[in-house]
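# Working through the structure, step by step
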Amino acid sequence: MKIMIRRSPEAGLSIYVPKKDLEEPIVESEHEMLWGGWIRIANGWVLDLPEMASDTPLPITVNARKRGGGADER
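Residues numbered from 1 in each chain as written. Predicted model: local features only at pLDDT ≥ 70, side-chain atom pairs only at ≥ 80, totals over all residues. Heavy atoms only, no water.

An unreviewed UniProt entry lists the chain under the name Putative nitrogen fixation protein NifT, from Bradyrhizobium icense.

Next comes the structure, spelled out in structure tokens:
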């Protein structure tokens, strides 16, 4: 699924999923640099992010893969 990742002063890192009209903060990540690992967002979804350079500028739109078993299946 296509998601936009951005950084804001209020929420820190967050994602926006246009097809679901969903915006949620990132609450946990596998790697400090984000890329190439998983992230967990506030609603319980776990998303796998693609490999990218650690200095990739934000905001950015990427293809992420949702793992099964999320708490909210909106």
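## A short note on the sheet that holds strand β2 (residues 12-17)
Defined as follows: For two strands to be treated as a pair, DSSP must find at least two bridges joining them. Per the convention used, a helix needs a DSSP run of H or I reaching at least four residues, while a strand needs a run of E reaching at least two, with both numbered from the N terminus.
Reading across from one edge, β6-β1-β2-β3-β4-β5-β7 is the order of the 7 strands in this open sheet, with antiparallel pairing throughout. Of all strands in the sheet, those with a lone pairing partner are β6 (60-63) and β7 (65-66), marking the two edges. Pairing of strand β5 (residues 46-48) with β7, which is carried by 2 bridges, proceeds in the antiparallel orientation. From the neighbouring strand, Asp-48 faces β7, where its bridge partner is Arg-65.

## Considering the nonpolar core
Threshold: We call a set of buried residues a nonpolar core when its members are Ala, Val, Leu, Ile, Met, Phe, Trp, Tyr or Cys and they connect through side-chain atoms within 4.5 Å of each other. Only protein chains enter the accessibility calculation, which uses a 1.4 Å probe; a residue is then buried when its area is under 20% of its type maximum, exposed when over 50%, and partly exposed in between. Two residues form a contact once any of their heavy atoms are found within 4.5 Å.
Counting residues in each nonpolar core, the largest one holds 17 residues, and the members touching the most others are Ile-3, Ile-5, Ile-15, Ile-39 and Leu-49. Among the secondary structure elements, those contributing two or more residues to this core are β1 (2-8), β2, β3 (22-29), β4 (38-41) and β6. Examining the composition of this core, we find that 3 residues originate from one element, β2, more than from any other. Each residue touching Ile-5, except ones within four places of it in the same chain, is listed here: Leu-13, Ser-14, Ile-15, Ile-26, Leu-34, Trp-35, Leu-49, Leu-58, Pro-59, Ile-60 and Val-62.

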